[in-house]
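Here is what each chain is made of, one letter per residue.
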Amino acid sequence: MEQVKVEVPDGTLTALRFGTGPKIAVAAHGITASGMAFLSVARRLPEDWSLIALDLRGRGGSNELPGPYGMTRHAEDICAAAEQFGQGRPVALVGQSMGAYAALRAAARRPELFARLVLVDGGLPLPVPADADPDAVLAATLGPAIARLSDTFASEEMYVDFFRAHPALSVDWNEDMIAYVRYDVTGPHGAIRSRVSAAAVAEDGRDLLVGAASFGTDLVGLTVPTVLLHAPRGMFGQEPGMLPAPLVAHWREQAPHLVTELVEGCNHYTILMTEGPAAVIARHLTAE
């Protein structure tokens, strides 16, 4: 793995390059994550592939890049990476959770840049009641995650242990998850915290809710071959998953270029960070 830079109009975005092969895949992570979330997937790519896993603005090595944030802004950054590393050839694209929405937006706006799109447990418009207060919904769904970003820990090991106790991770805890957590660490000993910008998370979360209908438009208009891989369990390891079966079935009928596949035995996080599901993602991402 090496850190590389993606040139964007207002600075440089950090990305992690896994592999040295000439075939390129670009990856976009979840709302409080980083490019290191794709470590398990990268390990399962064929030798002639490279994975460019972005640290989206406000996260990881890109945490000081300014807003505005939102899916359209992240999509522009994804397109910049595709142009830079694709060098005139379409690349494969994968996004997980929030990254799936940003990847969807990129493929919808600039289809010529992408050979295929893999959506991982994200990308479908989330049902939000018309009279719902977006900020109240955001507080109910992402409130704990945003609060965690301001927490401090006495040591890096305590930060790792905090993640290890998460109900969606504890059963399948592995070395890739440890590497992912350690990559997120910043601050001095005694005041360890996440590198993720709480402001970025709040703005992106609100965009996912307020702009829900626009992702349906993106899906229906897709011309890039797309597969949605979804998990049967959600953010806390519970059933149903983030994308319930009726929602998946609805959008499979509406979007002519969308193929869907349920990945058994995983949740919203382990679909990306454990061996079997990561191999499924890698297989779809590199399919000819």
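Structure's up top.
Parameters and conventions
Residues numbered from 1 in each chain as written. Predicted model: local features only at pLDDT ≥ 70, side-chain atom pairs only at ≥ 80, totals over all residues. Heavy atoms only, no water. Core = buried A, V, L, I, M, F, W, Y, C linked by side-chain atoms within 4.5 Å. Buried < 20%, exposed > 50% of the residue type's maximum accessible area, 1.4 Å probe, protein only. Contact = heavy atoms within 4.5 Å. Helix = DSSP H or I, 4+ residues; strand = E, 2+ residues; numbered from the N terminus. Polar contact = N/O pair within 3.5 Å; in protein donor to acceptor, adjacent residues only side chain to side chain. Salt bridge = Lys/Arg side-chain N within 4 Å of Asp/Glu carboxyl O. Expected span 1.5 Å × (residues − 1). Pairing = 2+ DSSP bridges. Axes fitted to C-alpha atoms, helices over the stretch in contact; angles between N-to-C directions.

### Quick look at the nonpolar core
- Core analysis: the biggest nonpolar cluster contains 54 residues, and Val6, Val26, Leu54, Ile78, Phe114, Leu117 and Leu124 have the highest contact counts within it.
- Discounting chain neighbours no more than four positions away, the residues touching valine 6 are Gly11, Thr12, Leu13, Ala15, Leu54, Asp77, Ala80, Ala81, Gln84 and Phe85.

### Some words on the side chain of arginine 73
- Here arginine 73 is to be found in helix H2 (residues 71-86).
- A residue is classified by how much of its surface remains accessible, and arginine 73, at 17% relative accessible area, is buried.
- There is a polar contact of 2.6 Å between the side chain of arginine 73 and the side chain of aspartate 10.
- In this view, arginine 73 contacts Asp10, Arg57, Pro66, Gly67 and Pro68; residues no more than four positions away in its chain are not counted.

### Here we look at the pattern of salt bridges
- Applying the stated criterion across every chain, the model contains 15 salt bridges.
- With its nearest N and O atoms 3.2 Å apart, the salt bridge here joins glutamate 288 to lysine 23. Taken together, the residues span a long stretch of sequence, with glutamate 288 in the segment after helix H11 (275-285) and lysine 23 in strand E3 (residues 23-28) at a distance of 265 residues.
- A residue is classified by how much of its surface remains accessible, and lysine 23, at 32% relative accessible area, is partly exposed.
- Measuring nitrogen to oxygen at the nearest pair gives 2.8 Å for the salt bridge that ties arginine 59 to aspartate 204. On the criterion of sequence distance, the pair formed by arginine 59 in the loop between strand E4 (49-54) and H2 and aspartate 204 in helix H7 (residues 198-210) is long-range, its members being 145 residues apart. Neither arginine 59 nor aspartate 204 differs from the other in exposure class; each is buried.

### Here we look at the side chain of glutamine 96
- Secondary-structure assignment places glutamine 96 in strand E5 (residues 91-96).
- You can call glutamine 96 buried: its relative accessible area is 5%.
- Reaching out from glutamine 96, the side chain makes a polar contact with the backbone oxygen of histidine 268 at a distance of 2.8 Å.
- Sequence-distant contacts of glutamine 96, that is, excluding residues within four places in its chain, are made with Ala28, His29, Gly30, Phe38, Val120, His268 and Leu272.

### Thoughts on H2
- Its 16 residues give H2 an end-to-end C-alpha distance of 21 Å, which sits within 8% of 22 Å, the value for a rise of 1.5 Å per residue.
- Taking burial as the measure, the 16 residues of H2 include 12 buried ones, the bulk of the element.
- Residues Met71, Arg73, His74, Ala75, Asp77, Ile78, Cys79, Ala80, Ala81, Ala82, Phe85 and Gly86 constitute the buried set of H2.
- Just downstream of H2 lies glutamine 87, where phi reads positive at about 50°.

### Describing the sheet that holds E5
- Pairing is mixed in the open sheet, where 8 strands are placed in the order E1-E2-E4-E3-E5-E6-E9-E10. Each edge of the sheet is formed by a strand with only one pairing partner; in this case those strands are strand E1 (2-8) and strand E10 (258-262). Neighbour-to-neighbour, the strand axes of the sheet open up by a mean angle of 25°, direction not taken into account.
- Sheet analysis places E3 next to E4, joined by 5 bridges and oriented parallel. Within E4, the residue paired with lysine 23 across the bridge is tryptophan 49.
- Strands strand E9 (226-230) and E10 of the sheet are contacted by helix H9 (residues 245-254), whose axis makes an angle of about 155° with E10.
- Packing of H11 onto the sheet brings it into contact with E3, E4, E5, strand E6 (114-120), E9 and E10, and relative to E6 it is tilted by some 160°.

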